[in-house]
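# Commentary on secondary and tertiary structure
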Amino acid sequence: MVTFNSLNKSEFISNVIFKLILISTLIMTVVSVFYNIRFLITKKSLVVILYLVVVTIFIYILVYLINLYIQEKFYIYIVILVSAALRFLFVIAVKTPITSDFLIMYNAAKNVVAGDISWLEQCFFTTWGYLIPYVYYEALILKLFGSSVSLLMLNIIFMVGTNLLIYLIAKEFTTPKAAFISAFLYSIYPAPILMSSVLTNQHISLFFLLLGIYYYLVNPTWKRIILSAVFLFLGNLMRPEGIVIFCAIVLHNFIQLKDAVKCKCVGAIIKKVLILFLVYISLYQTVNLMFKATGAAPNGIFNNCPEWKFVLGMDSNSKGFYSEENSYIISISDSSQRKKEVYNIISSSLKSCSIPSFFLSKIELLWGGFETISWSLSHIETSRLIGKPQSNFTYEEAINVILAVEKSIYILVFIALIFTILILWREKEKNDINFFVALIFTNYIVYLFIEIQVRYRYFIMPSFFILLSVVLKSTIEKMKGKVSESA
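The rules we used
All residue numbers refer to position in the chain's written sequence, counted from 1. Side-chain atom pairs in this predicted model are given and counted only at pLDDT of 80 or more, local residue features only at pLDDT of at least 70, and totals for whole chains, interfaces and linings cover all residues. Side-chain metrics in this entry use all non-hydrogen atoms of the structure; hydrogen atoms and water are not considered. A helix here means a DSSP run of H or I that spans at least four residues, while a strand means a run of E at least two residues long, and both kinds are numbered starting from the N terminus. C-alpha atoms define the radius of gyration in this analysis, and the globule rule sets the expected value at 2.2 Å times the number of residues to the power 0.38. We call two residues in contact when some of their heavy atoms are within 4.5 Å. Salt bridges, as used here, are contacts in which a Lys or Arg side-chain nitrogen is within 4 Å of a carboxyl oxygen on Asp or Glu. Polar contact is defined as a pair of N or O atoms within 3.5 Å, subject to the rule that within protein one atom must be able to donate a hydrogen and the other to accept it, and that residues adjacent in sequence are counted only when both atoms are side-chain atoms. Note on aromatic contacts: the rings of Phe and Tyr and the six-membered ring of Trp form a pair at centre separations within 6.5 Å, being stacked when their planes are under 30 degrees apart, edge-to-face when over 60 apart, and tilted otherwise. Only protein chains enter the calculation, and the probe is 1.4 Å; a residue is then buried if its accessible area is under 20% of its type maximum, exposed if over 50%, and partly exposed in between. Our definition puts a charge over a ring when NZ of Lys or CZ of Arg is within 6 Å of the ring centre and also within 35 degrees of the ring normal.

## A look at the overall build of the protein
Of regular secondary structure, the protein possesses 21 helices and zero strands. The globule rule puts the C-alpha radius of gyration for 487 residues at 23 Å, and the 23 Å found for the protein is close to it. Taken over the C-alpha atoms alone, the protein extends approximately 80 × 75 × 50 Å along its principal axes. Excluding contacts between residues fewer than 6 apart, the proportion of contacts in the protein whose partners are at least 24 apart in sequence is 79%.

This is the structure in structure tokens:
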């Protein structure tokens, strides 16, 4: 039986956790916006502010156009069409060479098709076993369709699917109009488009992870919770970012504690979360055993040196970016000895710096700069002219325009998150869209401690666009109110 005291206690715990997450996320977002503005001033790229104004005006115009001409039944088709067209055109126009780790995995996939599994003995795969399932996925597609073009086309499909999920999730918790604008803005957002020509496992992983979140949040029946676990498993199998989602799920359920006690459904919620975890873990362990038993991954599909990410992330010399300096720890086979060495490395690194300054520098480098173009555009001769010989417009100038547009939308969704947090703070009833605040908060914290790369922002950006719909909903309602008053 739920008593008054237990209700008060649960409400207090729920509110404290919720407020702490909101405040922490707000602080990190404000700091990120500050670093973005400072970056623009330092780089003398204030034209981004002009683009930001243009994008904001574009959103207002889009709201009026939606009200006048676009029916709700067309929203999904527009999002799919625009998203697919821009990514397809980019892939066709920019023939990105396969490089770096992506080339290692692609070559391994070709070896699988040829019946050669000697690549499994490479240190790259014995250490990073979690990459092996993606190799077999690529091998399957190459076996069926015969070229890397099919992988790129599938990437586009997964990216469009992600875009569609942004709309479906946002629509569930705000309004169709607000959701459509958020999804449309993501469809033209240059950052993911720039990655569409890269054979990265991020595309397929993000789609399945977001699909798992959709089934977890929207009408979470027992069947949908099981499906959520399956999709989260598939997403994590392609790229191991599921731990961030599961941390957010735990936080989300703490946030919902008050309403759960009021509805006397705490037990049901706990059971659903337990089922989610159990199905996910069972699938992972089963597949891992199958990979081992068949010889497809003799050392398993787990990360066999998880400490490496922390060694990189806590390296004050490299500011958390990749460095070969301490790579010798990968060759230490004894896990207890390796952990001792990692502890010594990290302790030495942190003693040599101001920890608050180090964390701030990581925030600045990960969240405050331009999008990385080297993955897709490093082969472009930037000094070459575009179009006719008499044109003075070079590829470098075109790339700068794309980056400026990207940064303007990027800053917009960060500023919108600040207002979203303020809106959610005032709401009396907790909305399940709070899950994405918890997810962003978790993502912020995780990257304070592990390796950073600008392309790692790819995973979390859909959450910003989903939360943008909260501000858009409020803005559209206010615009309607003003129209009604003037009438």
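## Regarding the pattern of salt bridges
Enumeration according to the criterion identifies five salt bridges in this entry. As a salt-bridge pair, Glu451 and Lys309 come within 2.8 Å of each other at their nearest N and O atoms. With a gap of 142 residues between them, Glu451 in the loop between α20 (434-449) and α21 (461-486) and Lys309 in helix α15 (residues 307-313) connect regions that are remote in the sequence.

## Some details on the side chain of Ser205
Relative to the assigned elements, Ser205 resides in helix α10 (residues 202-217). A polar side-chain atom of Ser205 sits 3.4 Å from the main-chain carbonyl oxygen of Arg239. Setting aside chain neighbours within four positions, we find Ser205 in contact with Gly235, Met238, Arg239 and Glu241.

## Some words on the packing of aromatic side chains
What describes a pair of aromatic rings is the distance from one ring centre to the other and the angle between the planes of the rings. If you walk through the whole model with that rule in mind, you get 36 aromatic pairs. Between the aromatic rings of Tyr186 and Phe465, the centroid separation amounts to 5.1 Å while the plane-to-plane angle is 80°, which identifies the pairing as edge-to-face. Of this pair, Tyr186 sits in helix α8 (residues 176-188) while Phe465 sits in helix α21; the two residues are 279 residues apart in sequence, bridging distant segments of the chain. For the pair formed by Tyr186 and Phe465, the shared burial category is buried. Between Trp308 and Tyr322, the aromatic rings sit 6.2 Å apart at their centres with planes inclined by 80°, giving edge-to-face as the arrangement. Placement of the pair is Trp308 in helix α15 and Tyr322 in the loop between α15 and α16 (335-351), with a sequence separation of 14 residues. Judged by relative accessible area, which is 5%, Trp308 ranks as buried. Taken together, Phe158, Phe207, Phe208, Tyr214, Tyr215 and Phe231 form an aromatic cluster joined through their ring pairs. A cation sits over an aromatic face here: Arg455 above Trp375, 4.8 Å from the ring centre.

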